[in-house]
Amino acid sequence: MSVFVKKLVEKASLKKQHAGFSDNLKTEDLHPYLVFHYGIPSGSILLAYDSIQQIFAISTKDGQIKLFGKDGSQALLESSETIPSKFLLFIENQGILLNVNVKNHIEVWDLDRKFLSAIHHFEREITSFAAIRTGPYMYVGDSGGDVSVLRLHQDQCRIELMKYRIPFSASHGMINEVGSDIAAKVILPQPTAETKRVLIIYSDGVITLWSIEESKVVCTNSSGTALQAIYQEAKKVTSACWACLDGNKVAVGYSNGDIFLWNIPCPSESKPEQNFQVTPIYKLNLGYKADKIPIAKLKWADADGKSSRLYVLGCSDSHSANMLQVVLLNEQTENRTIKLGLHLSESLIDMEITTSSIGQDKHRRDSLILLGRSNNVFTYDDSSIERYLVQCQTKSSPSLPKGETIKLPYGDSTITVTKFITSTPCMPFSSDEEFNMVEKYGLPLFPFEKRLVKDGSNSNSTAFVPFSKASNLFITGHSSGAINFWDASRPLLLPLASITQQSDNDISVSGVPLTALFFSYESHVLVSGDQSGTVRIYTLKSEAFAPQTSFLSFQGSTKKGSNHIVRKIKAVKVNGSVLSINATENLKHLAVGSDKGYVSLIDPEGPNILYQKHFASELCTGIISMHFETCSFHGFEKNVIIVATKDSSLSALDKDTGNSLSSAIVRPNKPSTALFTRILDGNDISINSDNSVQKQTSLLLCSEKAVYVYSLSHLVQGVKKVVHKKKFTSSCYWASTFGSPDIGLILLFSSGKIEIRSLPELSLVKESSIRLLTFSTFRLSDIIVSSSNDGELIIVNADKEVLFVSTLLHNEAYRLLETVSQVVNKDLIGDQGLIYSPSTKEKKKGIFSSVMKDNKSIKSRNGLDFENEDSRLSVEELSAIFSAVNFPIDSETSEKNTRNEDDVDLGIDDIDIEDPKEKPRVGYSAMAGLNRLNISNKFQAIKGKIKNAKVKNDKMPVTDEPHEEKTGAVDQIKKKYGYATSGESGVANTAKAKLSENLKKLQGINMKTTEMQDTARSFSSMAKEVLRFAEKEKGT
């Protein structure tokens, strides 16, 4: 025991020498920042999943991305711009996440370092986005119908725009006129041939399978009657996905609620030139069309063909019972549609299917994750959905799958009140012990994270960490009346104990929400108050807090759960819901304030209510705080109670009698809702007439609009004397002090701003902003903030999220911070292999530099197989194809590419006003990627058709129409390959083309200016981040 006491003394001395707790509050010691975020972030809009690394991602409206890895690890990424994402995509098993925001900026996130490694500013509106799994290439579809190819150079932290492109005119079959809205809506690399073919689906319904190597259309539905048969009414493509393993069937959703399955024929090696047609297989009638609900997302899951499923998500602002449906896809689907509608409490905006391994045998569990419009996340066991659909085929009555709403795992009910104590005495232990504790006692956020032991039971269900292991203690009161103790030594809270009993004989929960907590760590006394006015005084067993040694081990009773820490309970009832609780230093008296304006003085030994005092108020009667103090009153020392109400009124009571010391009430001229009060002991200095220095006690009052420091000696007499005052420019929703004695004031604002002010002068010492602290769109009643004397904050937002915030730069209050935020499994990347082997010319090893091993055993989350290794194009071959010009680039596109790659500035002088000279014909060098023999054959075929047409028309009267048909056909061929046409009006068309070119150049100047402004802002943000990191490293 002597060793333990010695360590406590050393810890206490270190605490006194803390950098932030000197006599003066130093700016260089302060740095408010988000230490860790746990749970579902506010404003979630998009989901993504890496099925190999098992990393789940959620992006938000304000440019943040939350990551959930294996074993409960979590991390938060923040973009420099607070704008929403519109595409979120993993490059699987690479530790790379691609995020496309609404400004068409493509962000490349290195998940291992949690670092934004590259940003590419795309010139056009991005309407579709896809990545090749076996190479560092991405397809980007734009609003003009063109598809571009990008290459990610991870080692150089840049994205390269390749010369290869898929122009709209070549893949769609028509020219996209200016102002047309035919966009490349969906891009799907073919699963078994993703280095050879890619499927492009346009917003107008055209589906094209494109050959990458031959740079031509393999098959399409744009010709013939296939497209016309289903387009009897106006509709647009809104979503699509593969619906088979080999990529010959695709499901397409439309804006009017239609869902069609299309057959995608693939060319054979023996007949590569055979003409193919994309044809509809059948239509799914799920009721979306009747409600005019667009199909927002489609997702397919494979189950050996017999129970494969298509998940259909409708897009609607209003709630619909058929918003999400699951359809069984097999050989019987065309004749009989077997479906399941998942009825949720709100409309949905996204869905994803995740895979996890459970138990010792690594049993696979697939889960359906659904994101609601109000930020709720729901989950279903996918096997229960599959089982339901299969049983429906036998006309039985299976039970409906049950979903769960993702909530914080900190109790069965909502947290309503909290307390946070840091730097508590604890026993030292090794890192291995720490890892084992997290593994054994950690609570999963998602149901599929639950670990199973050999007997099949949940390893997290009834385990509790010893109190002696906790250096930080977090106490939560719940809406059920339960009280939980948590080990907050690390940002993953571990359970310590739970109190549910109402009396010595009743261990059940009361069911009444708790509204106030008071805890004395030294005396092991806990006091709770609830909504009904019941005050319970718990005396906890000292053995629960004693250090565990080989001679002494505290064991609890399994019958009472964790209520074994309670020695005795006493209860008393007051008038109104309890809002605040305080006690004297010796715990001889308790003061309890209620929402009805009553202050009750309680003797806890009885417990007896000594007296109740009522405070009437015109605005609000709630008592937010009470303070016991001894001060001078008319020349005599008197024990008083300072009472503060919600309307910022201050009064003083005689502690012994409960009588008011003055009839006058001290309040601001413009009262606002009071948030916090504190007695500042001797922080204010005054100079007497004899030049002697006297320290005066003052009272700090913080409201939503301002903060005040009042003279306590004047306040007791009912005299208002404001020593210091500061008005706020925005609304404040929480305040507290830190340090011992109090040296700083922490203020949180709804805008996300944090201010730290000195005491008692209220001078601004440090100002910062945390994006996740912007709670303007949420109810403030859902936000619960608690702080410690060390300046550590824990912020709970309803059942969704917990924020760990630190105000001191050098304070390391949490252990295992790097471990719990590491979502990437590097060993898995080394074992499962990576995208490709570099060529001999590529000496640098980037993140794509390993070789795929055993790729046949790896399947993505939708069940699609990787391309066969024998038929796959090598990276060198693919690089050669994508690096060459496959179609002539017009002057406008060439100019944009040059500006993007070489960063050449475009000025107003670059626009030509004079008539241009005649441009030479496009030479053969621009058509190097085309097959000359095929071109010749096409000319001969067309010439033969024209000759046949002439023979048929020999008996017809002689007119000019045949000549016009021949001329038109030849003109189209010439126009396609860059030659001047015979029927064009030279002057008019040239002037029109030049006017359009000049207009686009002006638009390019505007886009370049905007890009430079965005780059400047990004650079400024990056510079600030580097400076902060350097300061932190220097301090360490």
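Quantities reported herein were computed from a predicted structural model and do not represent experimental measurements.

S.K.: Any details on a positive patch on the surface? Residues and values, ideally.
M.R.: A cluster of basic side chains, namely Lys670, Lys705, Lys720, Lys725 and Lys727, defines a positive patch on the protein surface. Relative to the assigned elements, Lys705 resides in the loop between strand S47 (693–703) and strand S48 (706–711).

S.K.: Could you give me a rundown of unusual backbone geometry, with the residues and numbers involved?
M.R.: At the junction of Gly606 and Pro607, the peptide bond is cis and its omega measures out at -5° in the coordinates. Position of Pro607 among the secondary structure elements: in the loop between strand S41 (598–603) and strand S42 (608–614). Along the chain, Ser740 connects to Pro741 via a cis peptide bond; the corresponding omega equals 0°. With respect to the helices and strands, the residue Pro741 is situated in the loop between strand S50 (732–738) and strand S51 (744–749).

S.K.: Explain the environment of Leu209 to me, using residue names and the numbers behind them.
M.R.: Structurally, Leu209 is set in strand S16 (residues 207–211). The spacing of Leu209 and Arg197 is twelve residues in sequence and 6.7 Å in space, taken between C-alpha atoms. Apart from the residues within four sequence positions on either side, Leu209 is in contact with Gln190, Arg197, Val198, Leu199, Lys216, Val217, Val218, Cys219, Ile264 and Pro265.

S.K.: Describe the pairing of strand S33 (residues 483–487), listing the residues and the values that go with them.
M.R.: The buried fraction of S33 is high, at five of five residues. Of the two faces of S33, the one carrying Ile483, Phe485 and Asp487 and the one carrying Asn484 and Trp486 are both buried. Summarising the sheet, strand S32 (residues 473–478) and S33 pair through five bridges and their orientation is antiparallel. Counterpart to Thr476 in the pairing with S33 is Asn484. Counted along the chain from S32 to the antiparallel partner S33, the turn is four residues long, and its residue Gly481 has a positive phi close to 95°. As defined by bridge partners, S33 adjoins strand S34 (residues 494–499) across five bridges and the pair is classed as antiparallel. The residue of S34 that forms the bridge with Asp487 is Leu494. Where S33 folds back on S34, the antiparallel hairpin that results is connected by six residues.

S.K.: Pulling in residues and values, what's your account of the environment of Phe728?
M.R.: Along the chain, Phe728 falls in the loop between strand S49 (722–727) and S50. Residues Phe728 and Lys705 lie 23 residues apart in sequence; the distance between their C-alpha atoms is 5.4 Å. When neighbours within four sequence positions are excluded, Phe728 is seen to be in contact with Cys702, Ser703, Glu704, Lys705, Ala706, Val707, Leu747 and Phe749.

S.K.: Hey, could you go over the sheet that holds S51 for me, with residue numbers and the actual values?
M.R.: Taken in spatial order, the four strands of this open sheet run S50-S51-S52-S53, and their pairing is antiparallel. Among the strands making up the open sheet, the edge pair consists of S50 and strand S53 (764–769). Within the sheet, the average angular offset between the axes of one strand and its neighbour, ignoring direction, is 15°. Of the pairings in the sheet, the one linking S51 to strand S52 (residues 753–758) comprises five bridges and is antiparallel in character. Counterpart to Ile746 in the pairing with S52 is Ile756.

S.K.: Run through the nonpolar core, naming residues and quoting values.
M.R.: Ranked by size, the top nonpolar core spans 37 residues in total, and within it Tyr38, Phe446 and Phe804 carry the most contacts. Every element with two or more residues in this core is listed here: strand S1 (30–39), strand S2 (44–50), strand S3 (55–60), strand S28 (363–372), strand S31 (415–421), strand S55 (792–797) and strand S56 (801–808). Among the elements that take part in this core, S1 stands out by supplying four residues, more than any other. Ignoring anything within four residues of it in the chain, the contact list for Phe446 reads Ile40, Phe56, Phe68, Val377 and Ile406.

Quick notes on the rules
Residues numbered from 1 in each chain as written. Predicted model: local features only at pLDDT ≥ 70, side-chain atom pairs only at ≥ 80, totals over all residues. Heavy atoms only, no water. Patch = residues over 30% accessible without salt bridge, like charges linked within 9 Å, V, L, I, M, F, W, Y side chains within 5 Å. Areas by Shrake-Rupley, 256 points an atom, 1.4 Å probe, with all protein chains shown as cover. Salt bridge = Lys/Arg side-chain N within 4 Å of Asp/Glu carboxyl O. Lys, Arg positive; Asp, Glu negative; His and termini not counted. Charge placed at Lys NZ, Arg CZ, Asp CG, Glu CD. Helix = DSSP H or I, 4+ residues; strand = E, 2+ residues; numbered from the N terminus. Contact = heavy atoms within 4.5 Å. Buried < 20%, exposed > 50% of the residue type's maximum accessible area, 1.4 Å probe, protein only. Pairing = 2+ DSSP bridges. Axes fitted to C-alpha atoms, helices over the stretch in contact; angles between N-to-C directions. Core = buried A, V, L, I, M, F, W, Y, C linked by side-chain atoms within 4.5 Å.

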